[in-house]
Amino acid sequence: GLTLKLAMAAETFGQREPARRGYEHALRLAPGEPTASNNLAMLLLHEGQTLDAAESHARAAVDAADLPVFRDTLARVLLARKNPPDALEVIAHAVS
């Protein structure tokens, strides 16, 4: 929806806080929306302080729509959490 598009635009222009709030609002409007979950996970990963939440959102995206781009985000979060074996498993499934 429009909220998701506005959040994505904010992120494109480097406005991380408005983007984060936008993704969170998009998820309140449409719980489980995979693109909002994935993009929020990546944003949280780049912030580096909320890896639990980033993993939760990344997993939600993969659960909702098992796409390679969503698995890539989950693998990146798992690597940041120092979990290479699970990250490799996630990526291996994406390319198989």
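The structure reproduced in this document is the subject of the present report. The shown structure was predicted, so the numbers you read here are calculated from the model rather than taken from an experiment. (Residues numbered from 1 in each chain as written. Predicted model: local features only at pLDDT ≥ 70, side-chain atom pairs only at ≥ 80, totals over all residues. Heavy atoms only, no water.)

Below, the discussion takes up the overall build of the protein. Helix and strand counts for the protein stand at six helices and zero strands. The linear arrangement of helices and strands in the protein, starting from the amino end, is α-α-α-α-α-α. In terms of C-alpha radius of gyration, the protein reaches 13 Å, essentially the compact-globule figure of 12 Å for 96 residues. For the protein, the proportion of its 96 residues judged to be buried stands at 36%. Taking contacts inside the protein between residues at least 6 apart in sequence as the whole, the part at least 24 apart equals 37%. Working note: accessible area of the protein is about 5500 Å², and carbon and sulfur atoms make up 58% of it. A gap of 5 Å separates the mean positions of the 10 positive and 12 negative side-chain charges of the protein. (Helix = DSSP H or I, 4+ residues; strand = E, 2+ residues; numbered from the N terminus. Rg over C-alpha atoms; globule rule 2.2 N^0.38 Å. Buried < 20%, exposed > 50% of the residue type's maximum accessible area, 1.4 Å probe, protein only. Contact = heavy atoms within 4.5 Å. Areas by Shrake-Rupley, 256 points an atom, 1.4 Å probe, with all protein chains shown as cover. Lys, Arg positive; Asp, Glu negative; His and termini not counted. Charge placed at Lys NZ, Arg CZ, Asp CG, Glu CD.)

Moving on, we get to the nonpolar core. Judged by nonpolar contacts, the single largest core of 26 residues is most densely connected at Y23 and L74. Contributions of two or more residues to this core are made by α1 (2–12), α2 (16–29), α3 (34–47), α4 (51–64), α5 (68–80) and α6 (84–95). A per-element tally of this core places α3 first, with seven residues. Apart from residues no more than four positions distant in its own chain, Y23 is found in contact with L4, A7, M8, E11, A36, N39, L40 and L43. (Core = buried A, V, L, I, M, F, W, Y, C linked by side-chain atoms within 4.5 Å.)

Further remarks concern the packing of α1 against α3. At a minimum axis separation of 11 Å, α1 and α3 run at an interaxial angle of 25 degrees. With respect to α3, the element α1 is oriented roughly parallel. In terms of crossing hand, the pair formed by α1 and α3 is left-handed. In this structure, α1 uses L4, M8 and E11 to contact α3, whose residues at the interface are T35, A36, N39 and L43. Residue classes in the contact of α1 with α3 are distributed as four nonpolar, two polar and one charged. (Axes fitted to C-alpha atoms, helices over the stretch in contact; angles between N-to-C directions. Parallel < 35°, antiparallel > 145°, perpendicular 65-115°, else oblique. Left-handed = near helix turned anticlockwise from the far one by under 90°. Nonpolar A, V, L, I, M, F, W, Y, C, P; charged D, E, K, R; others polar.)

For the rest of this paragraph, the subject is the side chain of N38. Of note, N38 is situated in helix α3. Classification of N38 as buried rests on a relative accessible area of 5%. When neighbours within four sequence positions are excluded, N38 is seen to be in contact with H57, A61, V69, F70 and T73.

Moving on: α2. For an α-helix, the turn length of 3.6 residues means that residues three or four places apart are oriented alike. When the terminal C-alpha atoms of α2 are compared, their 20 Å separation across 14 residues agrees well with the 20 Å that a helix rising 1.5 Å per residue should span. Along α2, the positions that sit buried rather than exposed are A19, R20, G22, Y23, A26 and L27. Each buried residue of α2 lies within a common arc of 165 degrees when the element is viewed along its axis, so the set occupies one face. Exposed and oriented more than 90 degrees from the buried face of α2 are R28 and L29. (Expected span 1.5 Å × (residues − 1). Arc of directions from axis to C-beta.)

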